[in-house]
Each structure stands twice: as structure tokens, then as C-alpha cells.
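Structural overview
As a plain string of letters, each chain reads:
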Amino acid sequence: MTQIELYHYLVVGAILFGIGMVGFMTRRNLIMMFLSTEIMFQGVALNLVAFSRFHMNPSGQSFVVFLLSIAAAEAALALGLVVLLFRKRETLNADAWSEMQG
Amino acid sequence: MIEFAISKPWLIPLLPLVAACFIGVFGKWLKGGAAVPAILAMLGSVALSVGLLCGFSNGTIERPLQETVYEWFAAGSFKVPAAYYIDQLTALYLTFVTVIGTLIFVFAAGYMKGDYGFWRFFAYLSLFVFAMTVLVMGNNFVVLYLGWEGVGLASYLLIGYYYPRPSAVAAAKKAFITNRIGDFGLAIGIFLIYANFGTVEYTKFFGMVAHGHLTAGQIAALGWIPYCLMLGAFGKSAQFPLHVWLPDAMEGPTPVSALIHAATMVTAGVYLIARCMPVFHADALIVVACVGGFTAFMAATMALCQYDLKKIWAYSTLSQLGYMFLGLGVGATASGVFHVFTHAWFKALLFLSAGSVMHAMGGELDIRKMSGVRKVMPITCFTMLIGCLALAGVPPFAGFWSKDEILAAALNSETTAGLVFGIVGVGVALLTAYYTFRLFFRVFMGPVSLPPNAGGHEASPFALAEEQGHGQGDHAVHGHDAGHVAGHDAGHGHSHGDATKMKLDGSPLMWVPLLILCVGAAGAGLLGYFGGAGGQGGWIHHFLAPVFGGGGHGAEVAVKATAHVERISHGGMMILSGSIAVVGILLAAYFHWMNRHAADIVGANLKPLVAFLYNKWYIDEIYKVLITKSLWVLGHILSIVDRYVVDGVVFMVGFGPQLAGYTLKPTQRGLLGRYAVGMIAGLTAVVLGVLYLMK
Amino acid sequence: MQMMMPIVAQVAETAVKDWTIPILVLVPVIGALLLPLITPKGNPKLSGVLAFVISLVPLVMVGWMVAKFPAYRVEGADKAGWYHQFSYEWLPSFGVKFSMGMDTISLWLVVLAAVLTPISILASFNYIKQRQPEFYAWMLVLHAAMLGVFCAMDVLVFYLFFEFTLIPMFFIIGIWGGAERRKAAGKFFLFTFSGSVLTLVSLLYIAFLFSNGYSAYSAEAGRVVEYVKGAGYISFAYTDLYATGSQLPLGLQTILFFGMFAGFAVKVPLFPVHTWLPLAHTEAPTAGSVILAGVLLKLGTYAILRFLLPILPLAAQTYAPYVAVVCIIGIIYGALVSWVQGDMKKLIAYSSVSHLGFCVLGMFAMTEEGVMGSVLYMINHGLSTGALFLIVGMIYERYHTRDMNQLSGLVRRTPALAFFAIFFVMSSVALPGLNGFVSEFLVLVGTFVSGQKTGGDMQQTWVYGNLGPAYAITAATGVILGAVYLLYWAGRVVFGPLKEPVHEEGSGHDDEHAVQEKARDLSGREWAVLVPIGALVVVLGVYPMPVMETLKAPVRKMVETMRIDTTHTAMKVNAAEAGAQETGKHEAGN
């Protein structure tokens, strides 16, 4: 059993980020898109933790703690907004909202 | 008195200024009494001016008075003191300005009685005298410029006095702007003087010029300075090509015309050139002589065919001013100034007499509409006759002596231009005598025939349209409203049938000044012949000799250093000009008194010429098309350019970002997915770019 | 290194804390904040009176300062120096100090602002009918900004106040203006703002160079020359920027010159970037027009005098002829366009374009006469044009029109108003004896002698300025045209047969009395508005010496920094043509 190296973590993080990215681009459902962004988030957070451990520097992990708590707050807010948007148009399709077009 | 005048000469302009301010502030309550402070102030100035004149004359004052009252403004080495410089020339000017001014004020008190703007009128008149006295008293060019523009302002206000008349407003504007063109020249002259000599004061500047040792730049500047000053003088003294404002200035009330034409304003140009004679080189003097001679001729021809009483005198003023410039141009400075002096007397007399006629005839000025006026206005007829004799140059009246000197100097001049215009001047003398007596015989002689509203009132220009109501006629505002010219005290009740029985000379306020002016018009010329301290010249040459450097010898010797040839003797000249005047008068008597029909026949045969002269050589029309209209059109074009081109270009600059915005607009569709793709594409590009750079 | 010495000294003496100027600026600000609160709810009209009283406080203070100004009161004081200095470390890490102070040039412009603001507030009592407390509050804010901008001693402080004048003016035009007020306010804001951004960039770059130094290859020297030695810290103080900018080579100065000039030219405004002005003037309420013409336009000219000329003297000298040509085009163009306007306010607005051409021309003459004339021109133009706008406003209040075709012969109806109209017209056409003459004449004299050696000392190798007689003569035609358009206006509106606009039947306020009522002559309040300006016009025309005496030292100092040394090789190379000409003249002159 080989040692789990830094790059393993980084690969997992990159895969998570890639999944999130593809999901965000392909999905039209607001909730799914939101979840995709969360997955990208976690990919990045994983990188931070890995590097923190690798450099034996705790600040990376503390960043992640902040990041998670902000993500949680953001999730609460975003889901609330999604509910609000759903009430307006009775759909979760992101393309239903294009008022901001130039 | 002389001592007081020496110690406080600045009171001369100050008194009229104070009067002007006082009347301006309290005039509303002074009403008819507004003339009193103005006349009192004038009397004060007269006393001081005469004091100065006597001081110079009897030798109490030995050298010119010069003192700085305070420093007006200064920047760098450009220093302008509010200072006076009084020599014989100034004292002479001050005297006739204030004396004749006072007489005009008194006349105006009668003439303008009951007018709507009575007090306003006297405030302006006082302002006028203030500006004129400052003009001649300043010790430097900038103070002169103050007076110069000041008379411009006062004339603007006075010519436009009957402001409800559009023609009066236009004339006022024309006067101011034409004068401004002259002022422009004067200003450039001042700049040149300062830039090259570092001073604007007469004594310092002339001192440097006289002293010699000039740099090349200074010599070059001296070549130009006279021409600049000349432009200023031509504007103010209404010489061709800037003469157009003066005839129009007749729109003002008659005392104003008298003041502008006789004592003030137009004589300023002569003053300027006389004052600056030390810097006028021969070439510049030739130009002065040519312009003067040409104007004399042109204006005399114009005067031949006018029918408006005041306009005839206006053109004669132009013509006489032309004589003065001719005199200056051929170097007879003292003679030029002498002509200013005599002209002031008889022209004031003529204008005021014309005003008196106009006043009596209910505002009528057309000489075709009146005849035999001597019957109803004996005093005015007498004063007008004296004035006409003086203008025509009949010995021994005032005009004869001074004109004679100028013509003699011109004919004896070394320059061709002087000789040519001397001969023209002799011809002009004939024309002068003719048109002068044409007017006199037309108006005062012959059968009695008066315009219908003689003895009535001129319709007030100040009557408001709504108050005029229905009757648009001349009598519409008969005495029921303060807003009209109440005219004179002869009452309203004359029936026009017995016109000959009317006595229309007006109040003593009007005819007493006329009689006093008669004395001057008759006698002022004698000062040029008698009273000299020996030699040929009269008192005036003797008096002015310290200024112009002549030795008090009289006309021929007063000619500036330029040598002259003896073509005609003094006595011969006198005989020549005297006989020419008589010939002119006889011609006029034949055509306009004995046989008026003959004049009509001649006129009918020369119709195009008459029209040409009547329309003042069409110079006004030419200016209108060439200058006024074209500038006006240019203004409109520029206005359109401003709105569409200049603003348009600026708008186009603003349009650039807007265009960019429109171009990029399609990329912002509001679709979340698209934004995500864009974001990631951008991110990828950045990552690839960084990788590429790091490689 | 020697150059740096005074700057170090400057840093050392930052402890000065004279509170006069901060109080001067703060009084109107506090007044503006309090005004909506202290105005009684039921009587919004009272807010005008209160604002007037508040605006009198700076006037009194300024009056006191004029009487006690140290430069000419204290024996041995530096007459060209800055007084009432106040300095406070605002953003130390960026080198921004909140430093304020006054020299006599600032002082007289502050006087101008302090005089015109109460007057324009007083003139608004009848004009502003809605949202009064708000209006007067904005006026007071504007007042504070105007006072501040002339007292700044640090570029960022100047810029702060400079831009801050835009905001109140934007609202004054945009809310209380005429029919097209929104467009006018927007145009006003965008023009001046975009111009001043370019200015800011240039100034920031100079501050950066002050800190970092500037070296470049010099073709004349054939090696890299260190033009400016970096100070190692950023400073925006005027003196530091003067010391930096004036050392730069011509190429760099040129770029900076045009950057700065763009902003100031818009503000002045010079042809061809003047198009915002007529619109803004036409739409602004009377008070707005008065302040705009009277003070705000002077910000541009003041800034040119304060920054452009001393910071970049080499470029200023080199490009002075081009700027002068622009000014002269503006003088003639403005006059001709003004002449054909039908709207009285537009006519006067274009006259400002013409007049300010003179003002800028005088500065670029770079002679004592010219610069002195320009400084006086700022004050005089503020007074006479401000007064003309007040008069047009008064006519508008009576007849609700500014159309010259509908009005005529007002002297018959309102003689006192007509008197003042003619009086200020005469002041504006530079009639000697009134204020306009002194400044206009000096500007022209200054332009005429520019580029020549003047004064008694003919041996000097200095030449002041780069213009000459041709410029002065062309510009002087503007004097004639000035009489044309202003007398045209006076002849049409003030004189002529009486003609008043007819009220349309059935319009909003058509009660019989309104139709029958004749326009009244000046009210007591209007007399109070016009008489002080009239008095100043006369005093500055008849006896301007006291003011000029105080301005002499700073003007001389300013001109000294801008003179051209004819023996200095760098200048000869840089302005080869001009230099050669001057030298030629010099030799011919001797």
C-alpha cells in the first residue's frame, strides 16, 4: 500500500471541482446548479486542507473552517432565494430569468 | 481764482461728475430743478478753466501743471497714474468745453423743459462734460482712453435718449461701436508705446522721442504708432472711413448734437493728434492731410443735397473736421486747434438755432416744409445768420480766420498732398458757403409757410403705446400725460391761420445763450489776428506757441518744422477765401431765395448725382452689406456650427463608449449557463496564459 | 540634492494649525446640514432667510481676514507666501495631507465666492418655489466647496473640493432648472467630470514621480539624465509638485500638460469644449447661473494658474501660442455666436466663452501685466457677468420669458432695473472707470509685451512669455465685438419701444389681476442684490490699487518661475524656433 501523497488529495480536489464545473454548466435546474457550486467549493477546500497539512501550517485549515461556515450561511440564503424565485415563476429552470440581459 | 485753479484743477472734471451722480440719484425728486445742479457745477468748472487760461495767458503759470492725484492701476512696469497734465492746449480746450457746455446746458434747460426724462438728460450731459474734461486733462494715454471711452458712453446714452425710437437706439449703438473701432486703434497705439518705451505718460514718452538715442525697435514702433493713434482720432472725430456714426447721431435731442459737434467728442481726435504731434512723422501727416481733405470734400458734397436741417449741420461738421485734420496734416497744428476753437462757437450756435427752429416747428426738420421763418423767429433768424456767416467764412466772422489759416498752410505746404487738398479745400469753401446759405435762405427767407404743427408739440417718443390709444397723429398726446415733450411756454392755443403773428423764439433760457454764442461766433476769429505779442500771429498763436514750438508768429510760421514754399501770401489768401465765400452765398441766394424754381430744375437734371449725394455716397449701405450683414450671417453660421458640429464632435466622443457597449451587448443575455461558460473559458485562458508564460 | 532641501523643510513644518480656514469651510456645511432641521415646517420660505444669514458668516469672516491678512499687515511678512495654514495628516500612507492655506490670489477669489453666494441666495427668494430648504442646503454645500477649493494647498484636497462643486450644482440644475434641466445637468456633469479625470491622472503621475524620481536618456546631453530625484515618499503638496514637474523634460511635460489642460479647459470653458455651458446656463435657476458664471468657471482658470503654469512651465511656454490661438478663436467665436442668440441667458453664456478667452490668454502671456490682468479678470468677470445673470433672472421673474423677441423697451417700465442692466453691460464691455477695463486692458498689454524684454532692465537675459503683438491685436478685436453683442442686447431689450409678452388666455395663472398687473421696478430686496455688486464694480474700476498691491508679490513670484532664460541651452533646443526668434529680437532691440 503506497503512501497517500499530496497529489492524491489534489487529484480528488480537481475531480470534485471538475464534476462541479461540468454540473454547473450542463444543468438548468437552479438547485442542481447550486449543488454543483458547492461541490466545486469542496474541491477547493480539500486543496486547502491538503496543502495545510503538507506545509504543516494551520492557517490553511482555519481558512477552511471559515469557508465552510460561510458556505453554510450562503446555502441558507441561496436556498431561500431559490424558493422565492420558484414561487414567482413556478419553475426552477435557470433560463426563465434573463431580466439582466444587456 | 487762478491760485485756486492751479491748486485744485481736478475739480474741473469732478464737479460735473458729482452733479451727474447727484442728479442720477435724486433726479426723480428734483424734476424740473435737475438742471440747476448741473449748471452750477458747470459754472464752477468754467471759473476754474478760465482761471487756468488766464493763468497761462498772463504768465502766472510758467510751465505745464502736472500732478498725480492717485495711482490708478499698475502691474509690472505698466503704471497708470490718475494724473493731470495741463498746458496751454489743455487750458484752451477746457475753456471752450466748459463755457460752450454751460451755454448748451442753459439752452437745454429751456429746450427740454417738461420732457419725460429731463433729469436723466442732465445727468448724461454732466457725464459727457466730465468725460471730455478728463480726456483733455490726463497726463497719460490711459487716462485719455478713459475720457475717450467715457465720451463714447455719454454719446451712446444721449443719442439713444429717445430710446423708444428704434432709429435712436440704432444710432446710439452705431456711434458706440464705430467709436470702439477707433478706440481699438488707440489701444493698439498705447500698447506699442508701452511695449517699446515702457511708459504711457506724455512727458516721459515725448521726452524719450525728443531725446533721441532710440533703439531699432523703438524706431520701428514709432513708424506705426501715429497710424494707430490716427485710427483712434478718425473714429472719434468722424473722419472717413469711420464718419458714418456722426450724421446718425442727430437722433439725440438737439442740445446733444450741439455738444457732440461743437465742444466735445469730435474735437477729441484733433486734440489727440495735436497732443501727439511730436511723434507724427511726415508720412503719417500726409495720411492725416489726405483723410482730412477727402472728408472735407465728401461731407460738403453730402451736405449739398440734404433736406434735414440738423443733418446739413452734421455734414458740415464732418467737413469742418476735415479742415482741421488737413491743417494738422500740413503741420499747421495751431491753426487746426484754432479752427476747433472757432468752430466750437459757431457750430454750437448753428445747432442750437436749428434746435430752436425745430422746437418752434413742432419737431419738423425738413427745410422744404418751412419758409420765411424769420417772421416768427426774429431772434433765431439773427443768431442763425451770424452762425452761417461764420461757417461760410465771411470776414470778419470766426470761421473765416481759422479756415483761412489752414488753407494758406495747405497751399503753401511742401507736400503734393497738401497742395492738392489745399486746392480741394478752397473748392470746399465754396460748397460750404453755398450749402450753408441754401439752408438759411430756404428756411428763413422767402414767403412765410410753416409746417402744420408749428407752435405745437412734437409727439413725445416716450408716450406709451397703450396711452396713445386711438389717435396716432402728431397731437395724440396733447398735454394729458407727463410722458410727452411739453415744449415751450407759448401756450397751446395758436391757430395756424395767422402763423405770421406767432412769436416762436421760445423762452429766454433758449435765446439768451444763443446771443452769447453769437458774440463768440462773431469774434472768436479775431483772436487769431489780434492780441499777439507782435508779429503776424494773433493771441491764439502766441498762447499756443509753448506747446507747438512755434514762436508766436502766426499761421505761416506756426507750420511745424517742415519747410514750406510761399505760393500765396497771407493777404492774398484772405482775399481769395473771402471772395469765394461771397460767391457761394450769392449762388445760394439765387437758387434758394430769388429763384427757387431754378434749383429744382437743376436738381431734376442731375437726378443720379443728387440721389448719390443724398444717400451719402451709399457708404452706409456698403458697410451694412460688407460688415454688419456679413458678420451677422457669420454669427448665425457659427451658431449652427456650434450646435451641430462642435457639439456634434464632442457628442461623437461620447458616442464611442456607447458604441462599444452596443457591440458587446449580445454577450450579456442574462442566461446563467452562458455566463458560467464564459467564466470558465476566461479562467482556462488565464491558466493557460500563465502556464505559457511560466514555461 | 539641493533641490530637495526646501521640500524637507516643508515636511518639517507641518505642525501649523490655524483653524480659520477649516471653520470658514465648515460653517456653510454645518449650516446646510442644519437647514432642513431648523426650517419651520409650515414656512419653507424662511429657509432662504436662514441660508442667507448663514452665508453671511463666511462673508464676515472673509472680511475680517482681508482686513487682517498677514501678508500685507505684518512687517516683513512674505507677501507671496501662504497664510492661515492648516495641515492635518489625512491619509499618511498615501502622503495625503489635509493642508489648506491662502495666498492673496486665493484670498480675493474666496472674497468673490463669499460675496456672490449670499447675493445669489438673496436673489432666489421669489425664484425658487418648491423644495426650498433643500435648494438652500445645496447652495450652502456649494458655498463650502467653493471656499475650500481656493484654500487648498494639496492637490488631492483641491481635487476633492473641485469635484465636490459638481454635486450640488448637478442637483441645483437638475431639480430647479428649466424644461431641459436633466439633459443640462447630465451634460454639465459628464463634461467637467471626464475632463477632470484626465487632470487627476496627470497630477497623480507627477506625485508618483516626486516619490520615485525620473530618469531618461537625453539626446542633448547624450546620456541618461536624472531629472528628478525620488523623495521616497508620496506628496501632493503644491510646492512639491512644482519642484517635480518643472524639472521634467519637454516630452513628458507635453503629455502631462495636455492631460491637465483638457480638464481645465472644459471647466473654463475654452473653445471647442464649451458646449455644455450655454445649456447649463440656460437651464439653471438664476442663482445657479450666477454661481456657475461667477465662481465655478474661475476654478478652471484658477487651476491653470495654480497648477498648469508653475508645474509645467516649459510645456506651457512651448504651447502658449497654440493655447493663445484657441483663446482668440474663443473670443471671436463666442462674441459672434453670442450676438445671434435669441435667448438672453444664452447670449450671456456665450459672452462668458468670449471673456474667459481673454482671461486664459492673459495667463499664457506669462508677463506680470498679463497674469495680474487675468487674476483681476476672474474677479471682475464674476461680478459683472454674475450681475448680468441676476438681471436676466429678474426680467424672467417679471415676464416669464427670456426671449429677446418678446421683450423690448424695459427702461420705460422698470427704469432702475434698466439702469443696472446698462451699468453692468458697460462693466462687461470694459468701459474705463468700471472694473472690466482694468483687467481687460492689462491682459492685452501683457499679451502684447509677452515675448519681449520689458521694464527698465534691458540687460537681462530673461524673456517673459512666448506670445506677442499679433496675438494682442487679434484679441483686441474682441473688444469691438464685445460692444456689438452686448449693446445689441441692451438695444433690443432695455431700449426700444415698450413691448411686453402677452399672457396667453386660459393659462394656468390667468386671474385678471395677473394679466393687468404691470411689471414692477426693483424691490428693496433686488436693490440689496444689485447695489453691492455695483459698488464693487465701481471701486475696482476707479481704485483697484489696494487689490493689485496685494496681488503683486504672488503674481511676480508666479511669473518668475515661468520666465525663459534666453541663455539656457535646454530651452533653446526645446523651443528652438521661439528661442531663436526671441534672441533675434533681443539683438535687434539693442
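To be clear, the structure that these remarks concern was listed above.
A brief structural summary. Per-chain numbering applies: the sequence of each chain, read as written, is numbered from 1 onward. Following the order in which they are written, the chains are lettered starting with A and the ligands numbered starting with 1. Residues qualify for local features only when their pLDDT is at least 70, as the model is predicted, and side-chain atom pairs are given and counted only at 80 or more; totals for whole chains, interfaces and linings, by contrast, use all residues.

Okay, the overall build of chain A next. Counting its regular elements, chain A contains 3 helices and 0 strands. Elements are defined by DSSP. Helices are runs of H or I of four residues or more, strands are runs of E of two residues or more, and each kind is numbered from the N terminus. Ordering the α and β elements of chain A from the N terminus gives α-α-α. Taken over the C-alpha trace, chain A has a radius of gyration of 17 Å; the compact-globule value for 102 residues is 13 Å, which it surpasses by more than 25%. For chain A, the spread of C-alpha atoms along the three principal axes comes to 50 × 30 × 25 Å. Backbone-placed C-beta atoms define the burial measure: a residue is buried with 20 or more other C-beta atoms within 10 Å of its own, exposed with 12 or fewer, and partly exposed in between. Relative to its full complement of 102 residues, chain A shows a buried share of 12%. Once C-beta atoms are placed from the backbone, any two residues with those atoms within 7 Å are in contact. Counting contacts in chain A only where the partners sit at least 6 residues apart, residues at least 24 apart contribute 51% of the total. It is over C-alpha atoms that the radius of gyration is taken, and the globule rule equals 2.2 Å times the number of residues to the power 0.38.

Moving on: the overall build of chain B. The helix and strand inventory of chain B stands at 27 helices and 2 strands. Taking all 695 residues of chain B together, the buried fraction comes to 58%. In chain B, the proportion of contacts linking residues at least 24 apart, taken out of those at least 6 apart, comes to 77%.

Next up on the list: the interface of chain A and chain B. In this complex, chain A contributes 12 residues to the contact, which on the side of chain B involves 10 residues. Considering every element that reaches the side of chain A that touches chain B, the biggest residue donor is helix α1 (residues 6–26) of chain A, with 3 residues. Gly is put with the polar residues, along with every residue not named as nonpolar or charged; the nonpolar set is Ala, Val, Leu, Ile, Met, Phe, Trp, Tyr, Cys and Pro, and the charged set is Asp, Glu, Lys and Arg. Residues belonging to the side of chain A that touches chain B are distributed by class as follows: 6 nonpolar, 3 polar and 3 charged.

With 46 residues of chain B at the interface, the matching set in chain C holds 51 residues. The set of elements that each furnish at least two residues to the side of chain B that touches chain C consists of β1 (65–75), α6 (141–159), α7 (166–197), α9 (216–236) and α26 (619–664) of chain B. Looking at which element gives the most residues to the side of chain B that touches chain C, the answer is α7 of chain B, with 13 residues. Here the side of chain B that touches chain C is built from residues that sort into 30 nonpolar, 10 polar and 6 charged.

Summarising the element assignment, Lys-298 of chain C is placed in helix α13 (residues 286–311). Contacts of Lys-298 of chain C, omitting those with residues within four sequence positions, involve Leu-109, Met-378 and Gly-382 of chain C.

Below, the discussion takes up helix α5 (residues 104–123) of chain C. Expected span, for any helix, means 1.5 Å times one less than how many residues it has. Given a rise of 1.5 Å per residue, 20 residues ought to cover 28 Å, and the 29 Å separating the end C-alpha atoms of α5 of chain C matches this to within 8%. Extensive coverage of α5 of chain C is indicated by the burial of 20 of its 20 residues.

As a further point, take the pairing of β1 of chain B. Residue and element names in this part refer to chain B. Of the pairings in the sheet, the one linking β1 to strand β2 (residues 78–86) comprises 9 bridges and is antiparallel in character. Residue pairing in the sheet places Ala-75 in a bridge with Phe-78 of β2. DSSP calls a pair of strands paired once it identifies at least 2 bridges connecting them. Remark: 2 residues form the turn of the hairpin made by β1 and β2, two consecutive strands paired antiparallel; Gly-76 in that turn has positive phi of roughly 60°.

Before going further, it helps to examine the packing of helix α14 (residues 309–329) of chain B against helix α17 (residues 398–411) of chain B. All names here are of chain B. Contact geometry for α14 and α17: axes closest at 9 Å, N-to-C directions at 45°. Of the possible angle classes, the one that applies to α14 and α17 is oblique. Of the two possible hands of crossing, α14 and α17 adopt the one that is left-handed. Facing α14, whose interface residues are Tyr-323, Leu-326 and Gly-327, α17 presents Lys-403, Ile-406, Ala-409 and Ala-410. In the contact of α14 with α17, the residues fall into 5 nonpolar, 1 polar and 1 charged. Axis geometry follows a simple rule: fit a line to the C-alpha atoms, using only the stretch in contact for helices, then measure angles between N-to-C directions, giving values from 0 to 180 degrees. By definition in this entry, angles of less than 35 degrees are roughly parallel, angles greater than 145 are roughly antiparallel, angles of 65 to 115 are roughly perpendicular, and the rest are oblique. Handedness of a crossing is defined here by the sense of rotation of the near helix relative to the far one, left-handed for an anticlockwise turn of less than a right angle and right-handed for a clockwise turn.

On to the packing of helix α15 (residues 333–360) of chain B against helix α21 (residues 539–548) of chain B, then. Describing two packed helices takes the angle between their axes plus the distance from one axis to the other. All names here are of chain B. Where α15 meets α21, the closest approach of the two axes is 10 Å, and the angle between their N-to-C directions is 125°. Relative to α21, the element α15 lies oblique. At the point where α15 passes α21, the crossing takes the right-handed sense. For the pair α15 and α21, contact is made by Thr-333, Ala-334, Val-337, Phe-338 and Phe-341 and by Ile-540, His-541, Leu-544 and Phe-548, respectively.

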